[in-house]
Amino acid sequence: MQVSVEISKYPLHQDYIPFIKGFIDRLNEHEGLKVITNTMSTQVFGDFDLVTKVLNQEMKRSFESYGKCIFVCKFISGDLSPADSAVV
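Our subject in this report is the structure included herewith. Keep in mind that this is a model prediction, so the values were computed, not measured.

Brief notes about the nonpolar core
In this structure, Phe23, Leu27, Leu33, Val51 and Leu55 are the most contacted members of the largest nonpolar core, which totals 13 residues. Going through the elements one at a time, strand S1 (2-11), helix H1 (17-28), helix H2 (48-66) and strand S4 (69-77) are the ones with two or more residues in this core. The residues touching Leu55, leaving out its near neighbours within four places in the chain, are Val5, Ile7, Phe23, Leu27 and Phe75.

The structure is reproduced here in structure tokens:
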């Protein structure tokens, strides 16, 4: 089953850009995911089991490495990615 996720990360830290960028960079390292980033959020598309496994792993890593941060996520079944986006 395919899934589409919109995720926003809000580190509770004054220097928040490196925390967000690192999270997005790590998502992009996982084969089989489509990751699209804009100024408001990051969208992740792929197989449900893979997407949830990667998000679980990377969110946990963020908490362990950087302390307190907020993740806001929206999940919808199906691949709603734009037709011209490629799988990494």
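Points about the pattern of salt bridges
Where charged atoms from two side chains of opposite charge come close, those side chains can pair. Counted under the stated rule, the structure contains 4 salt bridges. A salt bridge links Asp25 to Lys21; the nearest nitrogen and oxygen atoms lie 3.0 Å apart. Taken together, the positions of Asp25 and Lys21, both in helix H1 and 4 residues apart, correspond to about one turn of that helix. Judged by its relative accessible area of 35%, Asp25 is partly exposed. Between Asp79 and Lys34 there is a salt bridge, with the nearest N and O atoms lying 2.7 Å from each other. In this pair, Asp79 is assigned in the segment after S4 and Lys34 in strand S2 (residues 34-37), connecting sequence segments 45 residues apart.

Brief notes about the packing of aromatic side chains
For the coordinates displayed, the defined rule picks out 3 aromatic pairs. Measuring from centroid to centroid gives 5.2 Å for Phe23 and Phe71, while their planes differ by 55°, and the two rings are tilted. Here the residue Phe23 occupies a position in helix H1, and Phe71 occupies one in strand S4, the gap between them amounting to 48 residues. Phe23 sits in the buried class, given a relative accessible area of 3%. Ring centres of Phe63 and Phe71 lie 5.5 Å apart, and the angle between their planes is 90°; on these two criteria the pair is classed as edge-to-face. The class for Phe63 is partly exposed, based on a relative accessible area of 41%. Three or more aromatic residues link up through ring pairs in this structure, and these residues are Phe23, Phe63 and Phe71.

Description of the side chain of Ser4
Of note, Ser4 is situated in strand S1. The exposure class of Ser4 is buried, given its relative accessible area of 5%. There is a polar contact of 2.6 Å between the side chain of Ser4 and the backbone oxygen of Gly78. Within the local environment of Ser4, its side chain forms a polar contact with the backbone nitrogen of Leu80, the two atoms lying 2.8 Å apart. The contact partners of Ser4, leaving out residues within four places of it in the chain, are Val44, Phe45, Lys74, Phe75, Ile76, Gly78, Asp79 and Leu80.

Each value, and the rule that gives it
- Residues numbered from 1 in each chain as written.
- Predicted model: local features only at pLDDT ≥ 70, side-chain atom pairs only at ≥ 80, totals over all residues.
- Heavy atoms only, no water.
- Core = buried A, V, L, I, M, F, W, Y, C linked by side-chain atoms within 4.5 Å.
- Buried < 20%, exposed > 50% of the residue type's maximum accessible area, 1.4 Å probe, protein only.
- Helix = DSSP H or I, 4+ residues; strand = E, 2+ residues; numbered from the N terminus.
- Contact = heavy atoms within 4.5 Å.
- Salt bridge = Lys/Arg side-chain N within 4 Å of Asp/Glu carboxyl O.
- Phe/Tyr/Trp six-rings, centres within 6.5 Å; stacked < 30°, edge-to-face > 60°.
- Polar contact = N/O pair within 3.5 Å; in protein donor to acceptor, adjacent residues only side chain to side chain.

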